[in-house]
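Remarks on the overall topology
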Amino acid sequence: AQSVTQLGSHVSVSEGALVLLRCNYSSSVPPYLFWYVQYPNQGLQLLLKYTSAATLVKGINGFEAEFKKSETSFHLTKPSAHMSDAAEYFCAVSDHQAGTALIFGKGTTLSVSS
Amino acid sequence: EAGVTQFPSHSVIEKGQTVTLRCDPISGHDNLYWYRRVMGKEIKFLLHFVKESKQDESGMPNNRFLAERTGGTYSTLKVQPAELEDSGVYFCASSQGASGRVDTQYFGPGTRLTVL
C-alpha cells in the first residue's frame, strides 16, 4: 500500500531563508508525486508534480522538488522564503496516470517571520 | 475559466440531521473526487466518479454517506444522519481524465462541516 510521510507538522523560517519541507513516500510501483499548497480560506493549489521525466521539478512561486528514488523522497525547497509563502503544504502520491485517488501526507504548516 | 466550486462553505448541524454538500467541477472534467479532512488528520479519499458512474467508492466511511452525480455534471454528497465524527472539511476535486499523461486534480475550497 502506498503512503506518504511529511516530517514536521510545523516549520518556521525567517524571510529570505531557505525553505525545506520533507516528504517521503512508500510505493510498490513507480509513483507520481505532487505538492499542493493551501493558503488560508482557499482550496488546495498544485505547486508541482513529478511525472517520471526530470527528477528535478520546478513549480510555481519559485518552489522546486527533487525526486530521489534511492531515498524514496520528494522534498520541497525554495531558496528564499517570502511572507506570502506562509501556508499549509501537502505532499501526495498516486500510482496511475489518470483517475486515481491521491494519498496525502498530514501536511506541514509553514510560518515565515520578518 | 471557473475553478471547482463548493457549496456551502460552512455548515453547522445537530447530530442526527441531514446535510447535503454540493460540488461543481471544472467544465468538461469527467473525473470528480470527494475527499475529507478530519481535524488533525490527513486528507483522505472518499470516492471517485467518472462522468455519472462511481469508479471507486472504497473510501466512503459507511452507508450514511450517499454521493450522486446525475448527468455527469455537479455532484452532491449527503450525510444522513450526521454523527459527531463526520465533522471535518470536505474537499471536491476534478480532473480532465486525459489518458497518456499525469492527470492533475484541481481542488475546490472545501466545505467545513461541524456536527454538534
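Look above for the structure.
Topic: the overall build of chain B
Scanning chain B from N- to C-terminus turns up zero helices and eleven strands. Sequence-ordered secondary structure for chain B, helices as α and strands as β, is β-β-β-β-β-β-β-β-β-β-β. Here the C-alpha radius of gyration of chain B, 14 Å, is about what a compact globule of 116 residues would show, namely 13 Å. The dimensions of chain B, computed from C-alpha atoms along their principal axes, are 45 × 25 × 25 Å. Expressed as a percentage of the 116 residues in chain B, the buried residues total 47%. Put simply, of all contacts in chain B between residues at least 6 apart along the chain, 52% involve residues at least 24 apart. Summed over its atoms, the accessible surface of chain B is roughly 5,800 Å², and 48% of this surface lies on carbon and sulfur atoms.

Quick look at the state of the cysteines
Applying the stated criterion across every chain, the model contains two disulfides over all chains. Covalently, Cys-23 of chain A is tied to Cys-91 of chain A through a disulfide, its sulfur atoms 1.9 Å apart. Handedness of the Cys-23 of chain A-Cys-91 of chain A disulfide follows from its S-S torsion of about -65°: it is left-handed. On the criterion of sequence distance, the pair formed by Cys-23 of chain A in strand E3 (residues 19-26) and Cys-91 of chain A in strand E9 (residues 87-94) is long-range, its members being 68 residues apart. Residue classification places Cys-23 of chain A among the buried residues on the basis of a relative accessible area of 0%. In this model, Cys-23 of chain B is linked to Cys-92 of chain B through a disulfide, with the two sulfur atoms separated by 1.8 Å. Handedness of the Cys-23 of chain B-Cys-92 of chain B disulfide follows from its S-S torsion of about -65°: it is left-handed. Residue Cys-23 of chain B is located in strand E3 (residues 19-24), and its partner Cys-92 of chain B is located in strand E9 (residues 88-95); the two are separated by 69 residues in the primary sequence.

Here we look at the sheet that holds strand E6 (residues 56-58) of chain A
Residue and element names in this part refer to chain A. Strand order in the open sheet formed by five strands is E1-E3-E8-E7-E6, with antiparallel pairing between adjacent strands. Either end of the sheet is taken by a strand with one partner, and the two such strands are strand E1 (3-7) and E6. Going across the sheet, the axis of each strand differs from the next one's by a mean of 20°, ignoring polarity. Pairing geometry for E1 and E3, over five bridges, is antiparallel.

A look at the interface of chain A and chain B
Counting from both sides, the interface comprises 21 residues of chain A and, opposite them, 19 residues of chain B. Buried area between chain A and chain B, both sides added, is near 1,700 Å², and the carbon and sulfur share of it is 59%. If you look at where chain A meets chain B, you find one salt bridge. In this structure, Arg-37 of chain B engages Glu-88 of chain A in a salt bridge whose closest nitrogen and oxygen atoms are separated by 2.9 Å. Scanning the region where chain A abuts chain B turns up five residue pairs in polar contact (both at pLDDT 80 or more). Looking at the side of chain A that touches chain B, the elements that each hand over two or more residues are strand E4 (32-38), strand E5 (44-50) and E9 of chain A. Per-element tally for the side of chain A that touches chain B: the top contributor is E4 of chain A, with four residues. In terms of residue class, the side of chain A that touches chain B is made up of ten nonpolar, eight polar and three charged.

What to know about the nonpolar core
One finds Trp-35, Leu-47, Leu-48, Phe-74, Leu-76 and Tyr-89 of chain A to be the most contacted residues of the largest nonpolar core, which totals 27 residues. Elements with a minimum of two residues in this core: strand E2 (10-14), E3, E4, E5, strand E7 (64-68), strand E8 (73-78), E9 and strand E11 (108-113) of chain A. The contacts of Tyr-89 of chain A, once residues within four sequence positions are left out, are Gln-6, Leu-21, Trp-35, Tyr-36, Val-37, Leu-47, Phe-63, Leu-76, Gly-107, Thr-108 and Leu-110 of chain A. Grouped together as the second largest cluster of nonpolar side chains are 21 residues, Ile-26, Tyr-90, Cys-92 and Leu-113 of chain B included.

Thoughts on the packing of aromatic side chains
Following the criterion strictly, the structure yields 15 aromatic pairs over all chains and no others. Seen from their ring centres, Phe-104 of chain A and Phe-107 of chain B are 6.0 Å apart, and the 80° between their planes marks the pair as edge-to-face. With one member in each of two chains, Phe-104 of chain A in strand E10 (residues 103-104) and Phe-107 of chain B in strand E10 (residues 106-107) form a pair that bridges those chains. Through a chain of ring-to-ring contacts, three or more aromatic side chains come together here, namely Phe-34, Tyr-36, Phe-90 and Phe-104 of chain A together with Tyr-33, Tyr-35, Phe-45, Phe-91 and Phe-107 of chain B.

About the criteria used
- Residues numbered from 1 in each chain as written.
- Chains lettered and ligands numbered in written order.
- Predicted model: local features only at pLDDT ≥ 70, side-chain atom pairs only at ≥ 80, totals over all residues.
- Heavy atoms only, no water.
- Helix = DSSP H or I, 4+ residues; strand = E, 2+ residues; numbered from the N terminus.
- Rg over C-alpha atoms; globule rule 2.2 N^0.38 Å.
- Buried < 20%, exposed > 50% of the residue type's maximum accessible area, 1.4 Å probe, protein only.
- Contact = heavy atoms within 4.5 Å.
- Areas by Shrake-Rupley, 256 points an atom, 1.4 Å probe, with all protein chains shown as cover.
- Disulfide = S-S within 2.5 Å.
- Pairing = 2+ DSSP bridges.
- Axes fitted to C-alpha atoms, helices over the stretch in contact; angles between N-to-C directions.
- Buried area = accessible area lost by both parts, 1.4 Å probe.
- Salt bridge = Lys/Arg side-chain N within 4 Å of Asp/Glu carboxyl O.
- Polar contact = N/O pair within 3.5 Å; in protein donor to acceptor, adjacent residues only side chain to side chain.
- Nonpolar A, V, L, I, M, F, W, Y, C, P; charged D, E, K, R; others polar.
- Core = buried A, V, L, I, M, F, W, Y, C linked by side-chain atoms within 4.5 Å.
- Phe/Tyr/Trp six-rings, centres within 6.5 Å; stacked < 30°, edge-to-face > 60°.

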